[in-house]
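In case you want the letters, here they are:
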Amino acid sequence: MRATWWFARQGLRARRGRTALLAVAVVLASTLVAAVAGGRETVRGNAEASLRRSIGGTDARLVNRFGAAFAAAEAARVRALPGVEAVGTSLGGSLSLVRADGAAGEDGRPRRTVAQVRGLDSAGDARFRMQEMREGRLPERAGEVAIDPLTAKALAAGTGDRLEVQRFGDPIALTVTGIIDRATLGALQRPYAVVDRGTLVEANGSDEVTQVMVALAPGTDVQAWLRANAPAFEEPLSLEPSELYTTGFDKQMDALRLGFVLVSSIAFMSCAFIVGTGMTTAVAEQQKALAVARCVGASRGQVFLSQVWAGAALCGASGIAGVPIGVALAAALRWWFRDWLSDGFFMSWAGAALAVAGSVLAGVGGSLWPAWQASRTRPHAALTPQARPPRHAWVWRL
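A. View of the overall build of the protein. A count of helical and extended segments in the protein gives twelve helices and twelve strands. Here the protein holds 398 residues, and 43% of them are scored as buried. Considering only intrachain contacts with a sequence separation of at least 6, the fraction spanning at least 24 residues in the protein is 80%. Accessible surface for the protein amounts to roughly 21300 Å². Of this, 60% is attributable to carbon and sulfur atoms.

B. Spotlight on a nonpolar patch on the surface. A contiguous nonpolar patch, built from Leu333, Trp335, Trp336, Phe337 and Trp340 and spanning about 630 Å² of accessible area, is present on the exposed surface. Here tryptophan 340 shows up in the loop between helix 9 (300–336) and helix 10 (349–375). When its relative accessible area of 43% is taken as the criterion, tryptophan 340 is described as partly exposed.

C. Layout of the pattern of salt bridges. In total, this model carries twelve salt bridges according to the counting rule given. The residue arginine 44 makes a salt bridge to glutamate 41 at a minimum N-O spacing of 2.7 Å. Of this pair, arginine 44 and glutamate 41 are both found in helix 2 (residues 16–55), three residues apart, which corresponds to roughly one turn of the helix. According to the relative accessible area criterion, arginine 44 is buried, its value standing at 17%. Among the residues examined, glutamate 41 registers a relative accessible area of 16% and is labelled buried. Close ionic contact of arginine 137 with glutamate 140 constitutes a salt bridge, the shortest N to O distance being 3.9 Å. We classify arginine 137 as partly exposed; its relative accessible area is 30%. A residue is classified by how much of its surface remains accessible, and glutamate 140, at 44% relative accessible area, is partly exposed.

D. Summary view of the pairing of strand 1 (residues 60–64). The buried fraction of strand 1 amounts to five of the five residues, a majority that puts the element mostly inside the structure. As judged from the four bridges shared by strand 1 and strand 11 (residues 211–216), these two strands associate in the antiparallel manner. In the strand pairing of strand 11, alanine 60 is matched with valine 214. Bridge analysis of strand 1 against strand 12 (residues 237–241) gives five bridges, and the strand direction is antiparallel. Counterpart to arginine 61 in the pairing with strand 12 is glutamate 240.

E. Broad picture of the nonpolar core. One finds Leu97, Val117, Val145, Ile147 and Leu163 to be the most contacted residues of the largest nonpolar core, which totals 20 residues. Put simply, the parts of the chain that give this core at least two residues each are strand 3 (84–99), strand 4 (112–120), strand 6 (144–147), helix 4 (149–155), strand 7 (162–166), strand 8 (172–180), strand 9 (192–196) and helix 5 (197–204). With four residues, the single largest contributor to this core is strand 8. When residues no more than four places from it in sequence are discounted, the contact partners of leucine 97 are Arg111, Arg112, Thr113, Ala115, Thr151, Leu155, Glu164, Val165 and Leu174. Of all hydrophobic cores here, the second largest spans 18 residues; its members include Leu62, Val87, Phe233 and Leu239.

F. Summary view of the packing of helix 9 against helix 10. Their axes nearest at 7 Å, the elements helix 9 and helix 10 cross at an angle of 155°. Comparing the axis directions of helix 9 and helix 10 gives the class roughly antiparallel. In this structure, helix 9 meets helix 10 at a crossing whose hand is right-handed. Taken together, the residues of the contact of helix 9 with helix 10 break down into 17 nonpolar, eight polar and one charged.

G. How the structure looks around the packing of aromatic side chains. For the structure on display, the rule yields one aromatic pair. Their ring planes at 55° and their centres at 6.4 Å tell us that tryptophan 335 and tryptophan 336 sit as a pair that is tilted. By relative accessible area, which is 60% here, tryptophan 336 ends up exposed. One residue, arginine 338, lies across the ring of tryptophan 335, its end atom 4.3 Å from the ring centre.

H. Quick peek at the environment of alanine 60. As for its position among the elements, alanine 60 is in strand 1. Spatially, the C-alpha atom of alanine 60 lies 4.2 Å from that of proline 241, the residues being 181 residues apart in sequence. Leaving out residues up to four positions away in the same chain, alanine 60 has contacts with Val212, Met213, Val214, Trp225, Leu226, Glu240, Pro241 and Ser242.

I. Up close: helix 10. A rise of 1.5 Å per residue sets the reference length of helix 10, with its 27 residues, at 39 Å; its end C-alpha atoms lie 38 Å apart and thus fit the reference within 8%. At leucine 368, helix 10 shows its largest bend, some 40°, and a proline, proline 370, comes one to four positions later.

J. Structural view of unusual backbone geometry. The peptide bond linking glutamate 235 to proline 236 adopts the cis configuration, its omega dihedral lying at 10°. Relative to the elements of secondary structure, proline 236 occurs in the loop between helix 6 (222–229) and strand 12. Notably, alanine 156 is not glycine yet its phi reads approximately 50°, a positive angle.

Definitions and limits used
Residues numbered from 1 in each chain as written. Predicted model: local features only at pLDDT ≥ 70, side-chain atom pairs only at ≥ 80, totals over all residues. Heavy atoms only, no water. Helix = DSSP H or I, 4+ residues; strand = E, 2+ residues; numbered from the N terminus. Buried < 20%, exposed > 50% of the residue type's maximum accessible area, 1.4 Å probe, protein only. Contact = heavy atoms within 4.5 Å. Areas by Shrake-Rupley, 256 points an atom, 1.4 Å probe, with all protein chains shown as cover. Patch = residues over 30% accessible without salt bridge, like charges linked within 9 Å, V, L, I, M, F, W, Y side chains within 5 Å. Salt bridge = Lys/Arg side-chain N within 4 Å of Asp/Glu carboxyl O. Pairing = 2+ DSSP bridges. Core = buried A, V, L, I, M, F, W, Y, C linked by side-chain atoms within 4.5 Å. Axes fitted to C-alpha atoms, helices over the stretch in contact; angles between N-to-C directions. Parallel < 35°, antiparallel > 145°, perpendicular 65-115°, else oblique. Left-handed = near helix turned anticlockwise from the far one by under 90°. Nonpolar A, V, L, I, M, F, W, Y, C, P; charged D, E, K, R; others polar. Phe/Tyr/Trp six-rings, centres within 6.5 Å; stacked < 30°, edge-to-face > 60°. Lys NZ or Arg CZ within 6 Å of the ring centre and 35° of its normal. Expected span 1.5 Å × (residues − 1). Bend = angle between axes of the 7 residues up to and from the residue.

Here you go:
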């Protein structure tokens with residue numbers, strides 16, 4: 001083993017510049033993988049945290065399978081089911097909001113925006129009213145509204161300002177109670193607000209809900225409770241576990257994970273090709289040294305393992321060096337986009353392990369061909385070119 005490692009070190013020291021270039025290539029690949037893994041995990045963690053906050057303490061929910069609203073009376077039926085500890089309702093919709101004082105914008109027109117609105121039961125259980133606030137509070141009664149930064153900017157409104165809901169009929173007066181902590185995602189994002197459900201019911205003219213949220217008594221088996229009570233509701237109503245709310249999110253994360261694995265594989269395959277090319281050149285340059293080693297008793301296996309050890313050691317060390325650089329890059333990007341990723345940086349230990357393991361595998365895989373070539377070195381054949389005078393016949397032919 002000591003002799004094998006000596007051969008490996010000699011091979012790496014022969015051309016330090018080439019060894020450094022190979023190490024840089026592996027460091028860059030490891031950095032890329034670690035940075036992408038950290039960034040993907042941070043996005044997933046922040047999105048999941050936001051999603052969990054929106055679900056709150058919900059164990060199950062009653063929804064229309066097609067996303068439409070349904071009669072609010074269904075909430076009373078859910079509340080009457082055995083094992084139910086608390087029930088909350090919400091209603092989704094949109095409202096046209098204007099400033100009550102009629103203040104105009106830069107274009108001279110009254111400030112106005114159409115916001116996506118979520119109506120919650122103001123007097124309902126706090127477990128169903130999970131919403132991060134930048135300032136102020138959520139509405140606690142009819143006539144109050146919490147707006148996001150996009151709505152606040154469009155209306156030049158803040159906590160304490162008065163707004164109105166434009167509709168057919170008399171406007172509905174609202175008082176801003178707070179600013180929702182919501183990341184700004186650019187032109188694809190619509191203004192958002194939270195009101196008491198009664199405000200949406202008054203604006204729409206019908207007492208409906210889009211979902212009934214259920215908190216079960218502690219110790220209740222959610223799946224067993226669903227199997228026992230789901231038949232009580234006819235299509236298109238569906239009683240389902242709250243985990244289904246995250247099914248689409250989980251599928252998107254699985255797709256991103258697959259893409260990440262493919263990108264990592266391509267990066268390390270490229271590294272293996274670079275390492276193989278560099279080490280093949282090194283073997284060609286070390287024919288005399290290998291021949292001398294064979295003459296003094298080195299076996300084919302020792303020569304073979306020396307090249308494998310060289311590739312594994314070089315790429316393993318470079319892979320380890322690239323991980324902290326990639327993590328630092330991912331953390332820096334999270335800090336740059338801190339308004340969007342407010343839940344912090346999430347470390348991907350699996351990504352760090354993949355970066356190191358992939359680097360080692362790239363080194364081993366890239367060194368197999370040059371190791372096989374080195375092990376086939378015949379002492380006499382390798383030393384023969386050194387004993388022959390150079391031939392110049394080809395110069396005259398040119």
